[in-house]
Amino acid sequence: MILCSNPLAQFKAYQDEIETAVLRVMRSNRYILGTEVEKLEKEFAKYIGTSHAIGVGNGTDAIEIALRALEIGMGDEVITVSHTAVATVAAIEAVGAIPVLVDIDPEFFTLNPSQLPDVLSEKTKAVISVHLYGQPAEMNKIQLFCEEHSLALIEDVSQAHGARWRGKKLGSIGDIACFSCYPTKNLGAIGDAGLMTTNRDDLAKKVKGLRTYGWVNNNYISEFPGRNSRLDELQAAILRVKLKHLDKCNDNRERIANHYRSELSKVIGLELPKVRSEVKHVYHQFVVQSNIRNELLHFLQAKGVLAGIHYPEPVHLQAAYKGKIKCHNDMSITEEVKSKILSLPIYPELETKALNKVTELIRSFF
Ligand SMILES: *Cc1c(COP(=O)(O)O)cnc(C)c1O
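If you're wondering where the values come from, they're calculated on a predicted model, not measured in any experiment. (Residues numbered from 1 in each chain as written. Predicted model: local features only at pLDDT ≥ 70, side-chain atom pairs only at ≥ 80, totals over all residues. Heavy atoms only, no water.)

A. Fine view of the nonpolar core. Phe44, Val127 and Ile154 are the most contacted members of the largest nonpolar core, which totals 79 residues. A domain-level breakdown of this core finds at least three residues from each of domain 1 (7-102 + 109-241) and domain 2 (246-365). Judged by nonpolar contacts, the second largest core, of 27 residues, contains Tyr283, Val305, Ile346 and Val358. (Core = buried A, V, L, I, M, F, W, Y, C linked by side-chain atoms within 4.5 Å. Buried < 20%, exposed > 50% of the residue type's maximum accessible area, 1.4 Å probe, protein only. Domains from an automatic or database assignment.)

If you want it as structure tokens, here you go:
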């Protein structure tokens, strides 16, 4: 069986280091928001190149907390894409704001900036730019639009830890950025975890308060309404180990992607993912397209290769959101790709033998 992602393989690759870190925490008598979290926050801020990093409970909480820190709530509108993890939209909903969804561009699967002016209203407060599959969104145009209209720019970097847009690490470009550390993500915990980065002191302070019921200067004294979204020491200690290896892991993902490209570029009927110029793509997913996607998916499954679909249904067409959110009237690319996309197995520890099996099967299918 060849899995699409494989957090166990990563645990095995760094087992000694991870077990040492876990034992250290268990013996420490400090289990929540302690020295491991503080050290991780310093190390992650340095890695991304921001003045602050803050650990939270998970990636969805991170987006919700970013919106609250920016004082976005009831009745405000937040623009993002429909072709994303439902979490991006669920977080907007959680603060009482209205998700306004736009289409993606046909080449790179990220937010189509040319649709932004069409959905702008007096209620628009922010844009959430999702760096999907490990590839940066078109940040120049999005940033310019946000500046022109005084909108906050939130980066959803949950699939792109370590990626770069023209030399800058993702997570250092917008007002604030959110990272999920769900086990299968490029930087994954062994459980739920999330991180946020920002260069704004005011937002960092607010975020730290929001994750602990609004406590800022004194424990037990809430200065504003907050919630519990703490990061625990075990996950922080594990993430500190994984962070040390992140660049190497991302390079491995890129190597696997290049292998797919060289073996599959001549296959007729299969479209390979495109990369923007001047970026570092970190290949959270390697997403190909085919008009006979379902047949290919079932063929691979029958041979023990578990490819995935990210995502099978755009958010604006899901029962929870259909008719309840705002949406650009042209969502044609989002609606078209859902039946063509297929995520091939990709994770840093994927072995060459398994990789060759996948490419050979795909070639034999076509
Ligand atoms: C995984 C993911 C999230 C949600 O993160 P959780 O940690 O699962 O809450 C949000 N946005 C995107 C793009 C994601 O891939």
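B. Up close: the site of the ligand. Neighbouring residues of the ligand: 13 residues in total, closest Gly59, Thr60, Asp156, Ser180 and Lys185. Between Thr60 and the ligand, the recorded distance is 2.5 Å, taken from a side-chain N or O atom to an oxygen atom. Within the complex, 89% of the 380 Å² of free accessible area of the ligand lies under protein. More than half of the atoms of the ligand fall within 2 Å of the grid points belonging to the second largest pocket. Of all elements in the fold, only α4 (59-69) and α5 (86-94) reach the threshold of two or more residues within the shell around the ligand. Across the shell around the ligand, the residue classes break down as three nonpolar, eight polar and two charged. (Near = heavy atom within 4 Å. Polar contact = N/O pair within 3.5 Å; in protein donor to acceptor, adjacent residues only side chain to side chain. Areas by Shrake-Rupley, 256 points an atom, 1.4 Å probe, with all protein chains shown as cover. 1 Å grid on protein atoms, 1.4 Å probe; cavity = no way out; pocket = protein on both sides within 12 Å on 5 of 7 lines; lining within 4 Å. Sits in = over half its atoms within 2 Å of the grid points. Helix = DSSP H or I, 4+ residues; strand = E, 2+ residues; numbered from the N terminus. Nonpolar A, V, L, I, M, F, W, Y, C, P; charged D, E, K, R; others polar.)

C. How the structure looks around the domain arrangement of the protein chain. Here the protein chain is partitioned into domain 1 (7-102 + 109-241) and domain 2 (246-365). Of note, the centres of domain 1 and domain 2, computed from C-alpha atoms alone, are 24 Å apart. Listed by partner, the interface residues are 43 residues for domain 1 and 38 residues for domain 2. In total, about 3,400 Å² of surface goes out of reach between domain 1 and domain 2, with carbon and sulfur atoms giving 56% of it. The largest contributions to the domain 1 side of the interface with domain 2 come from Tyr133, Gln135 and Asn186, which together make up 20% of the buried area. (Contact = heavy atoms within 4.5 Å. Buried area = accessible area lost by both parts, 1.4 Å probe.)

D. Fine view of the packing of α4 against helix α8 (residues 201-210). The geometry of α4 relative to α8 is characterised by a closest axis approach of 9 Å and an angle of 120° between their N-to-C directions. Relative to α8, the element α4 lies oblique. Classified by chirality, the crossing of α8 by α4 is right-handed. For the pair α4 and α8, the contacting residues are Ile65, Arg68 and Ala69 in the first and Leu203, Lys206, Val207 and Leu210 in the second. Tallied by class, the residues present in the contact of α4 with α8 amount to five nonpolar, no polar and two charged. (Axes fitted to C-alpha atoms, helices over the stretch in contact; angles between N-to-C directions. Parallel < 35°, antiparallel > 145°, perpendicular 65-115°, else oblique. Left-handed = near helix turned anticlockwise from the far one by under 90°.)

E. Fine view of a nonpolar patch on the surface. There is a patch of nonpolar side chains on the surface, built from Leu23, Met26 and Leu234 and spanning about 230 Å² of accessible area. Relative to the assigned elements, Leu234 resides in helix α9 (residues 233-264). (Patch = residues over 30% accessible without salt bridge, like charges linked within 9 Å, V, L, I, M, F, W, Y side chains within 5 Å. Salt bridge = Lys/Arg side-chain N within 4 Å of Asp/Glu carboxyl O.)

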